[in-house]
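# Architecture at a glance
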Amino acid sequence: MRVSIVGSGYVGTTIATAFAELGHEVLAVDIDQSVVDTINRGESPIHEPGVPELLAKHSGDRIQATTEYDQILNTDVTFLALLTPSDENGHINTSYIEAATESLGDTLASKETAHTVIVKSTVIPGTTEDVIAPLLESASGKTVGKEIHLGMNPEFLREGFALEDFRNPDKIVLGAETPRTHDQMEAVFTPLIEQVDTHVIRTGIREAEIIKYANNAFLATKISLINELGNICKEYDVDTYEVADAIGKDDRIGERFLASGVGWGGSCFPKDVAALIAAAREKGYDPTLLSAAVEVNAKQPARMLELLASHTDLSGKRIAVLGLSFKPGTDDIRGSRAVPIIDELLTRGATVVGYDPVATANMREQYPDLSYADSAKSALSGADGAVVVTDWDEFSAIDAETFGTMAQPIVIDGRRIIDRKQIESVTNGRYEGLTW
Ligand SMILES: NC(=O)C1=CN([C@@H]2O[C@H](COP(=O)(O)OP(=O)(O)OC[C@H]3O[C@@H](n4cnc5c(N)ncnc54)[C@H](O)[C@@H]3O)[C@@H](O)[C@H]2O)C=CC1
Ligand SMILES: O=C(O)[C@H]1O[C@H](OP(=O)(O)OP(=O)(O)OC[C@H]2O[C@@H](n3ccc(=O)[nH]c3=O)[C@H](O)[C@@H]2O)[C@H](O)[C@@H](O)[C@@H]1O
C-alpha cells in the first residue's frame, strides 16, 4: 500500500519506519526541510531506539521524504501526525493540524480517485468531524464520506519504546463512521495484525478521539495516586515500592505504572490531561479528580527539594541534578520534572550542575547558563547535595567511592534507582527516597 504521513516528528517518523518494515511504500511529508533532508540521507531526525537502523535500511527505497504535498497524490492513504500542543489555557492548539489539513485538501482537489485521511494526532472529541472534515472539504472541493474517507486512529506508543510498542500493540483503535472507512483503515494494519495477537477495536470517530485521552488520563492519575499513597507511606517509614508490589498483584490494579517518585512529565501526559480538563470545563463539567492528579504531580518536585532542604540549607550550595530528560531512553525534556526542580533550586540560590546521558544539549538550549557535567561522577564531585530525577540505568551503578567525592553526601532519590548498599556506607542516613 502507498502510505503518506504528514508530520515527521516522534510519531510520524516512527510509524514511517514501522510501515516500511511491514512492506508499505511510505512518503514522509514535513515542512521542515532539514527533517526531510535528514530522512532522505537515511538518518533519523529523532532519538528513538531502532529508528535509525530502519531509516538506513529503507530510506531512498520504501521511504521517501519531501516538503511537497503534491507527491501525496501518488499515495492511497494519508496519516496526519502533526503536533497538538497546549495553549496557555491548557486547550489544544489545532493550528498545525489545521494548516496541514488545508494543504492536504488543496492537494486532494486534483486527485482523481478516492483518498483515505486518518487523523493520528491526539485531538479533543469533535476535532476530526467539526474542524478537520470541513477544512478538507472546503480546500479540496470534495465531500467527506464520498471521495474522501476520514478516520481517526490514536497512537499509544511510548517514547523510547516506540517501535516495540508499534509492533506489539495491546490494541489498534480505528475510529470511523462507515464500515468502508473502517475496512480501509484496517487494511493499512493488516500486515501487522497478521503477525501479532492484538485487539482491533472498531469504533466511532469521537470515541476514538476520547479513548486516547482516557488512556493517558488514567495512566497519569494512576501515577499520581501511587505518589499520593507514597507520600503517606513515607510519613509511616513504609517503603511504597513494597506496597506497590503487593497491590499490583491484584489484577484489578495491575503492576505497571506504579513506580512512585518525582512524578510524570513528557510531551503528552501533561498536555493531554490539561486539554481534557479544559475541554470538560468548556462543556460545563469540572473534573475534580483530574485536577487533583495534576496538583499531586506539581507538588512532587517541591517535596523533593523540601527533603533536600531538611538536610542542608540550599543557598550558595552546589547541587547535582542527575537526569534531565522526562524519562530514561530519550533526550526529550518536554515536561521533565527536572525543569521545576532546577527553577526552584535557582530561586533558592543554589548553584546547579546538571547531568544526563543524552538530554544535556536540549536542556542547555532552555538553560544556557547552567553548569553541565559530562558524567554523573563529575556532577557529584564536590557537590553539597544531589537529586535523582530520571531513572537512567547508569545511576544504579554509581558506587560508594563516587558518592564519597561529594562535599556533603546528601542524596534525594526521586526514582528509586540508586543502589542503597553503595550509598548508605557514605551518606550516613542522608540518602532518602521521596516515597520510601
Ligand atoms: N510523542 C509521542 O510519544 C506521542 C505523540 N502523540 C501525539 O501525536 C501527535 C504528534 O506528536 P509528535 O510526533 O510528538 O510531534 P512532533 O512535534 O515531534 O512532530 C510534528 C512534526 O510536524 C511537522 N509539521 C508542522 N507543521 C506541518 C505542516 N503544516 N505540514 C507538514 N509537517 C508539519 C513539524 O515540522 C514536526 O516535524 C501529537 O498530537 C501528539 O500528542 C501520540 C502518542 C505518542
Ligand atoms: O500520548 C503519548 O505521547 C504517550 O504518553 C505516554 O508515553 P510517554 O510519555 O512516552 O512515557 P511514559 O513511559 O508513559 O512515562 C510518562 C511519565 O510518567 C513517569 N512514570 C511512568 C511510569 C511510572 O510508573 N511512574 C512514573 O513516574 C515517567 O517517568 C514519565 O515522566 C504513554 O505511556 C503512551 O501510551 C502515550 O502514547
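Since the structure is predicted, the reported quantities are computational estimates derived from the model, not experimental observations.

Calculation notes
Residues numbered from 1 in each chain as written. Chains lettered and ligands numbered in written order. Predicted model: local features only at pLDDT ≥ 70, side-chain atom pairs only at ≥ 80, totals over all residues. Heavy atoms only, no water. Near = heavy atom within 4 Å. Polar contact = N/O pair within 3.5 Å; in protein donor to acceptor, adjacent residues only side chain to side chain. Areas by Shrake-Rupley, 256 points an atom, 1.4 Å probe, with all protein chains shown as cover. UniProt positions renumbered as here; feature names shortened; annotations may be inferred. Helix = DSSP H or I, 4+ residues; strand = E, 2+ residues; numbered from the N terminus. Buried < 20%, exposed > 50% of the residue type's maximum accessible area, 1.4 Å probe, protein only. Contact = heavy atoms within 4.5 Å. Nonpolar A, V, L, I, M, F, W, Y, C, P; charged D, E, K, R; others polar. Domains from an automatic or database assignment. Phe/Tyr/Trp six-rings, centres within 6.5 Å; stacked < 30°, edge-to-face > 60°. Lys NZ or Arg CZ within 6 Å of the ring centre and 35° of its normal. Buried area = accessible area lost by both parts, 1.4 Å probe. Salt bridge = Lys/Arg side-chain N within 4 Å of Asp/Glu carboxyl O.

## Some words on the site of ligand 2
Lining the immediate environment of ligand 2, one finds 20 residues, of which Phe156, Leu157, Glu159, Lys212 and Cys268 sit closest. A distance of 2.6 Å is found between an oxygen atom of ligand 2 and a backbone nitrogen or oxygen belonging to Leu157. Ala259 places a main-chain nitrogen or oxygen 2.9 Å from a nitrogen atom of ligand 2. Notes on ligand 2: free accessible area 700 Å², of which the protein chains cover 90%.

## Describing the UniProt feature "binding site: substrate" (unreviewed entry) in the protein chain
The sites that UniProt annotates as "binding site: substrate" (unreviewed entry) are Phe156, Leu157, Arg158, Glu159, Lys212, Phe257, Leu258, Ala259, Ser260, Gly261, Gly265 and Lys327. Separation in sequence by 172 residues is matched in space for these annotated residues, since their most distant C-alpha atoms are 24.7 Å apart. Structurally, Lys212 can be placed in helix α8 (residues 205-235). The class for Lys212 is buried, based on a relative accessible area of 5%. If we ignore the near neighbours within four places in the chain, the residues touching Lys212 are Thr122, Pro154, Glu155, Phe156 and Asp272. Setting aside chain neighbours within four positions, we find Gly261 in contact with Asn227, Gln300, Gly414, Leu434 and Thr435.

## Focus on the site of ligand 1
Surrounding ligand 1, one finds 25 residues, the nearest of these being Val11, Asp30, Tyr69, Thr84 and Lys271. In the environment of ligand 1, an oxygen atom lies 2.9 Å from a nitrogen or oxygen atom belonging to the backbone of Val11. Residue Thr84 places a side-chain N or O atom 2.6 Å away from an oxygen atom belonging to ligand 1. Expressed as a share of its isolated accessible area of 840 Å², the protein-covered part of ligand 1 is 89%. A per-class count over the shell around ligand 1 returns eleven nonpolar, seven polar and seven charged. Two domains each put at least three residues into the shell around ligand 1: domain 1 (2-203) and domain 2 (213-436).

## Some remarks on unusual backbone geometry
Backbone geometry at Phe257 places phi at a positive 60°, although glycine is not the residue there. Assignment of secondary structure puts Phe257 in the loop between α9 (240-248) and α10 (269-282). Residue class for Phe257 comes out partly exposed when judged on its relative accessible area of 28%. Of note, Asn428 is a non-glycine position whose phi angle comes to about 55°, a positive value. Locating Asn428 in the fold gives a position in the loop between α16 (420-427) and β14 (431-433). Exposure remark for Asn428: the relative accessible area of 69% places this residue in the exposed category.

## Description of the packing of aromatic side chains
A ring pair, where both rings are aromatic, is described by two values, the distance of the centres and the angle of the planes. This structure, assessed with the given rule, holds eight aromatic pairs. Measuring from centroid to centroid gives 6.3 Å for Trp264 and Phe269, while their planes differ by 80°, and the two rings are edge-to-face. Neither residue differs from the other here; Trp264 and Phe269 are each classed as buried. Both rings, one in Tyr355 and one in Phe395, keep their centres 6.2 Å apart while their planes meet at 65°; by these two values the pair is edge-to-face. One end of the pair, Tyr355, is in strand β10 (residues 351-355); the other, Phe395, is in the loop between β12 (385-388) and α15 (400-403), with 40 residues separating them in the sequence. As far as the burial class goes, Tyr355 and Phe395 line up, both buried. Taken together, the aromatic side chains of Phe19, Phe79, Phe166 and Phe189 make up a single cluster linked through ring pairs. For the cation-ring pair, Arg158 lies above Phe161, with the distance from its terminal atom to the ring centre recorded as 4.4 Å. Lying across the ring of Phe156, Lys171 places its NZ or CZ 4.1 Å from the centre.

## Things to note about the domain arrangement of the protein chain
Where interface size is given, it is often the accessible area lost as the parts come together that is meant. Domain boundaries assigned for the protein chain yield domain 1 (2-203) and domain 2 (213-436). Using only C-alpha atoms to locate each centre, domain 1 and domain 2 end up separated by 33 Å. Tallying the contact residues gives 18 residues for domain 1 and 20 residues for domain 2. With both chains or domains summed, domain 1 and domain 2 bury close to 1,500 Å², and 53% of this area falls on carbon and sulfur atoms. Among the residues domain 1 hides against domain 2, the three largest losses belong to His47, Ile124 and Glu159. Together they make up 35% of the total.

## Some words on the UniProt feature "binding site: NAD(+)" (unreviewed entry) in the protein chain
UniProt's entry tags Asp30, Thr84, Thr122, Glu159, Lys271 and Arg334 with the feature "binding site: NAD(+)" (unreviewed entry), counted in the numbering of this structure. The annotated residues occupy 305 residues of the chain and do not converge on a single region, their most distant C-alpha atoms lying 22.6 Å apart. One can find Thr84 in the loop between β4 (77-80) and α4 (95-108). A relative accessible area of 4% places Thr84 in the buried class. Of note is the side chain of Thr84, whose polar atom sits 2.9 Å from the backbone oxygen of Thr122. Topologically, Glu159 is positioned in the loop between β6 (148-152) and α6 (162-167). Among residues more than four places away in sequence, those in contact with Glu159 are Tyr10, Glu48, Ser267, Phe326, Lys327, Thr330, Asp332 and Arg334. A distance of 3.4 Å separates a polar atom in the side chain of Glu159 from a polar atom in the side chain of Ser267.

## Quick notes on the pattern of salt bridges
Tallying each qualifying case throughout the model produces 22 salt bridges. Between Glu43 and Arg41 there is a salt bridge whose closest N-O contact spans 3.3 Å. Taking relative accessible area as the criterion, Glu43 reaches 40% and is therefore assigned partly exposed. Judged by relative accessible area, Arg41 falls into the exposed class, the value being 51%. Arg281 serves as the salt-bridge partner of Asp286, at 2.8 Å between the closest nitrogen and oxygen. Its relative accessible area of 45% is what places Arg281 among the partly exposed residues.

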